[in-house]
Amino acid sequence: MLDVAPRVRKYEILPSLQPPGIPAVAPLPTGESEDTRRIAERFGEAVLAAGLHHGQQVVYIKPEQLVALAEFAKTDPHLRYETLIDVSAVDRSELPVSDHRFHTVYQLRSYSRKQHLMIVCPLEDGDEPTAPSLTGVYSGANWPEREVWDLMGIRFAGHPDPRRILMPENWPNHPLQKQVPLGGEEVPFTLTWEDPEFESLGKQILEAKSAPPKLPPGMSLENMIINLGPHHPSTHGVLRLVVELDGETVVNVDADLGYLHSGFEKTGENKRYKDFVYYTDRMDYLTAMSNNLGYCLAVEKLLGVEIPPRAQVLRVIMAELQRIASHLFWLSTHVLDVSGTGMSLLMYATRERERILDLFEMVCGARLTVGYMRIGGVSRDIPPAFLPHLEEFLKIMPEQIDDYERMLTHGPLWSERLIGIGKITREEALDMGLTGPMLRGSGVDWDLRRDAPYSGYENYDFKVPVANEGDCYARYLVRMEEMRQSLRIIRQAVDNLPDGPYRAEDRKITPPPRAELDISMEALIHHFKLMTEGFHVPPGMAYQGIESSKGELGFFIYSDGSARPYRLHVRGPSFNNLYAISKMSKGHMLSDVITNIGSIDIVLGEVDR
Amino acid sequence: MTTTPVAQFSELKREQLNRYLHDRIQVPEELQANVMVTTLDKIYNWSRKSSMWPLLFGLACCAIEMIATAASRYDLARFGMEVMRPSPRQSDLMIVSGTVTKKMVPAIVRIYNQMAEPRYVLSMGACATGGGPFKEGYTVVSGIDKYIPVDVYVPGCPPTPEALLYGLIKLHEKVERQSITTVPWYRKGASEAVPVPVLGPDIFDPRKVQVIKEYTLGAAAATRGAAAATGRLQPQPIPEDVKARIRAAQAKYRAMKKQPA
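Cut-offs used in this document
Think of each chain on its own: its residues are numbered from 1, step by step along the sequence as written. For naming, the first written chain is A and the first written ligand is 1, with later ones following in the order written. Note on the predicted model: pLDDT of at least 70 is required for a residue's local features to be given, and 80 or more for side-chain atom pairs to be given and counted; whole-chain, interface and lining totals, by contrast, use all residues. Side-chain measures here rest on the full set of heavy atoms in the structure, leaving out hydrogens and waters. Secondary structure elements follow DSSP: runs of H or I no shorter than four residues count as helices, runs of E no shorter than two count as strands, and numbering proceeds from the N terminus. In this scheme, a residue with accessible area under 20% of its type's maximum is buried, one over 50% is exposed, and one in between is partly exposed, where area comes from a 1.4 Å probe on protein chains only. By definition, residues are in contact when any of their heavy atoms lie within 4.5 Å. The protein chains shown are the only cover counted for residues, whose accessible areas, like all others here, come from Shrake-Rupley with a 1.4 Å probe. Domain delimitation follows an automatic or database domain assignment. By buried area we mean the combined loss of accessible area, with a 1.4 Å probe, across both parts when two parts are placed together. Note on definitions: salt bridges are taken to be side-chain nitrogens of Lys or Arg within 4 Å of carboxyl oxygens of Asp or Glu. We call two N or O atoms a polar contact when they sit within 3.5 Å, provided that within protein one can donate a hydrogen and the other can accept it, with sequence-adjacent residues counted only if both atoms are side-chain atoms. Polar here means any residue other than Ala, Val, Leu, Ile, Met, Phe, Trp, Tyr, Cys and Pro, which are nonpolar, and Asp, Glu, Lys and Arg, which are charged; Gly is therefore polar. Buried Ala, Val, Leu, Ile, Met, Phe, Trp, Tyr and Cys residues form a nonpolar core when they are joined through side-chain atoms within 4.5 Å. One requirement defines pairing of two strands: DSSP has to find at least two bridges between them. The axes used here are C-alpha line fits, helices contributing only the stretch in contact, and every angle between their N-to-C directions lies in the interval 0 to 180 degrees. An angle below 35 degrees is read as roughly parallel, one above 145 as roughly antiparallel, one from 65 to 115 as roughly perpendicular, and any other as oblique. Handedness of each helix crossing follows the sense of rotation of the near helix against the far helix: counterclockwise by less than a right angle gives left-handed, clockwise gives right-handed.

A. The overall build of chain A, seen in detail. Scanning chain A from N- to C-terminus turns up 21 helices and 15 strands. Overall size of chain A, expressed as C-alpha extent along the three principal axes, is 70 × 65 × 65 Å. Across the 609 residues in chain A, those meeting the buried criterion constitute 63%. Long-range pairs, those at least 24 residues apart, make up 69% of the contacts in chain A between residues at least 6 apart in sequence. Here chain A has roughly 22400 Å² of accessible surface; of this, 54% comes from carbon and sulfur atoms.

B. The arrangement of the overall build of chain B in detail. Within chain B, the secondary structure is distributed over 9 helices and 3 strands. Overall, chain B shows an N-to-C arrangement of helices and strands of α-α-α-β-α-β-α-β-α-α-α-α. The 261 residues of chain B split such that 43% are buried. Long-range contacts, defined here as pairs at least 24 residues apart, represent 73% of the contacts in chain B between residues at least 6 apart. About 14000 Å² of surface is accessible on chain B, with carbon and sulfur atoms providing 58% of the total.

C. Representation of the domain arrangement of chain A in the model. All names here are of chain A. Splitting chain A by domain gives domain 1 (34-157) and domain 2 (264-608). Placing the centre of domain 1 and that of domain 2 at their C-alpha centroids yields a distance of 27 Å. On the side of domain 2, 30 residues touch domain 1, which itself brings 38 residues to the contact. Here domain 1 packs against domain 2, burying approximately 2800 Å² in sum over the two surfaces, 60% of which is carbon and sulfur. If you sort the residues of domain 1 by the area they bury against domain 2, His 54, Tyr 111 and Trp 143 come out on top, with a joint share of 23%. One salt bridge in this structure joins Lys 114 and Asp 451, with 3.0 Å as the shortest N-O distance. Inspection of the region where domain 1 meets domain 2 yields 17 residue pairs in polar contact (both at pLDDT 80 or more). Mapped by element, the contributors of at least two residues to the side of domain 1 that touches domain 2 are strand S2 (56-61), strand S3 (83-91), strand S4 (102-110), strand S5 (115-122) and helix H3 (142-152). Per element, the largest residue contribution to the side of domain 1 that touches domain 2 is 9 residues, and it comes from S3. Counted by class, the side of domain 1 that touches domain 2 contains 17 nonpolar, 12 polar and 9 charged residues.

D. Looking closely at the nonpolar core. Residues Tyr106(A), Leu257(A), Tyr295(A), Leu321(A), Tyr372(A), Leu390(A) and Met94(B) are the most contacted members of the largest nonpolar core, which totals 210 residues. Counting residues per element, this core draws most heavily on helix H8 (residues 309-338) of chain A, at 16 residues. Membership of the second largest hydrophobic core comes to 21 residues, among which are Met52(B), Leu164(B), Leu171(B) and Val183(B).

E. Examining the sheet that holds strand S1 (residues 47-53) of chain A more closely. Residues and elements named next belong to chain A. Ordered by their spatial adjacency, 5 strands build an open sheet running S1-S2-S5-S4-S3, and the pairing between neighbours is mixed. Every other strand in the sheet has two partners, leaving S1 and S3 as the edge strands with one partner each. On average, each strand axis in the sheet is tilted by 20° relative to the strand beside it, whichever way the strands run. In this structure, S4 lies alongside S5, joined through 8 bridges in antiparallel fashion. Across the sheet, residue Ser 110 finds its bridge partner in S5, namely Gln 115. With respect to the sheet, helix H1 (residues 34-43) is in contact with S1, S2 and S5, its orientation differing from that of S2 by roughly 15°.

F. Quick look at the packing of H8(A) against helix H10 (residues 386-408) of chain A. Residues and elements named next belong to chain A. Where H8 contacts H10, the axes come no closer than 13 Å and their chain directions differ by 30°. Between H8 and H10, the interaxial angle falls into the category roughly parallel. Regarding H8 and H10, the two cross each other, and that crossing is left-handed. Contacts between H8 and H10 involve Ile 317, Met 318, Leu 321, Ile 324, Leu 328, Leu 331 and Val 335 from the first element and Phe 386, Leu 390, Phe 393, Met 397, Tyr 404 and Leu 408 from the second.

G. Highlighting the environment of Ala504(A). Examined against the element boundaries, Ala504(A) turns out to sit in the loop between helix H15 (472-495) and helix H16 (514-519). Residue classification places Ala504(A) among the buried positions, given a relative accessible area of 6%.

H. Summary view of the pairing of strand S9 (residues 240-246) of chain A. Residues and elements named next belong to chain A. Of all 7 residues in S9, 5 are buried; the element is thus mostly enclosed. Two strands pair when backbone bridges link them, and strand S8 (residues 224-228) and S9 are joined in this way by 5 bridges, in the antiparallel orientation. Of the residues in S9, the one forming a bridge with Ile 226 is Val 243. With 7 bridges connecting them, S9 and strand S10 (residues 249-256) associate as antiparallel partners. By the bridge assignment for S10, Glu 244 is matched with Asn 252. Between the antiparallel neighbours S9 and S10 lie 2 residues, among them Gly 247 with a positive phi of about 70°.

Written out as structure tokens, the structure reads:
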């Protein structure tokens, strides 16, 4: 492959216009909590800093003690951090620091104690920055660590499968490193015949080599190898699975991701905070509202801005409607894959989903990629026709859910294909870092809406459905009940919808109303500043997780004080849940792989980043 | 003058027929109400457009809207298109629905090469048409039309089902305008496969098509035994007039460089 340097497009604000304090390093945590004190006592010198930062427990640890800390956090009876939620990394080469270029960041969660812990591990500088792998403690660290290696170029010592995960094997760089440019469009009309680029252009288009098949590790050519995807009707997108079969029994499954890698993390680091809201729509395109909400909450955590109550309730209504829409789509495609009643249920579920999309169209003009929420509130108030239509939807929807259940729940075909398939025990689910219905289907009673409430979810009365079997049928039951509970939440939200502003009145963050621009010079200045430069977010880092329809959707943002996020990482529920496909499918039939894919409920836009 | 409606209809039909029938075509009396004369193109295109089977092929968000188009409210069956075939061998239309990444492009081109002619491509949404919101990123190609020929573009991010339907109707209109005598797929010999791109940090320049063709076909001839034997895939030399154009452009560029700005 020829090395053609991409043209760099600078989105930087001119240096002279930047306030002198920018970029700045995120401040160290202050104060202490019970957990951080305990960890600091146990590890002494190895703990570089520990305490609270934006209400989050943060521990800075030396890399030598990282694995010991994870083991301690997992096994200590007073800590009990059962799950590793997320692994990410920050490249600090553009910050005013000279050492420890890379920091790896880990998010730990204790379900039994309802605690969250952020571990930051500054790595030693060198040619190959290396961090110790946590796969020995939490097996769910496998894919996130591979992702960090792929995109950030950090090696993980002791990782069982150190391959790239999203980008192709021969990709020349690690794209999230700061010296790698965003990409750059090709500009064909500025090239001339004499340009050196022109000589090399086009030579990248080569005949596909018929190389000998490269097997994923752990597979042998003794058995039959089947290639499923990336173009396959029931992989729900461009997922590619390499399946090793003995007869018709699955021996091994290896997922090949990255066919829809749109690179939104890097794009987000080059956009102003307010501009990235629209990109979140296109991550998990079935739950655009929840993505909006998660991102806005993470930025608001850094900003410390108050959200007016009406905006909170509107956000809850939209997020819950989106959950129902997403579950309906999951149901229809899952049934289409698995059961004979497929096409009719797709038609029925789509009928109800269209009603929800109509409601979205009413509030924001778009059906799928809504972009409705803003940092500081929502983009506009609901129109007068919204509530009557919502009432009608609330009236008909419970009957429809019963209808679907009548078609499926006791159907022999449905239960035959689902019961006992894709079993995950409670311990496995915790170890692999599964979230959402995958976790609740395995008997873990956890819902971020109830246990770590955001957006005023503590004010609503709803149940968290849990099933103990851990198979596809249990997850189906959980999701069906979740739809009913979402309807309950919407009912309560509509009944208690308060009056008032629909976005924060802070003019440094939200633009002034149009009418104000005509009469107030100050409003005009605010508007101009917001639309050209955007707002600055104080230096710091924040992780905000929300309960999306597929699981925990988390946003990790590292702010350097400028108007763009310095590091933006998304913890996608589908990505982490898909890791379970190998464990779920082994020993079952090939057709059960399809059931498992449907049951995990993946959306490739989010899996592939 | 006949009065019964049936007789009136027969009369009308006969009048219509007489316009087209030459003396040599003798339509029996009892069949004259049942025969309609039209052109071969018309009946052929009508049947093709009325049962155009799309490839069941989704990439990203647009695929969700494509499914919504096929489902209950928008009902693609009205256009004879509800049979979505997962196999490219059985489908007539590829709807490129979503973000095309550098990793996915080879697969898409390969699927396109596998489709039987006549085949059509509809580029759905901003990403497939021009890269879309992720165009600045490092993995997204700026438009599928750099790689395979596209018949209809549907704008939107994602396009609504109505927009997609409009695009499909436009495609039907295009099909109706084609003629058997001029369409490329009834010419002599097999049509050439589109070269499958290989992942690289950059995207190819369409003006370099000739060079690319030479390069890729040369590589194919060198590696594939059967193809090399037939000689069909030999490298195509650059024609003399193209070479002259290149030389002229180079000279012009050199002259331009020497001039003071």
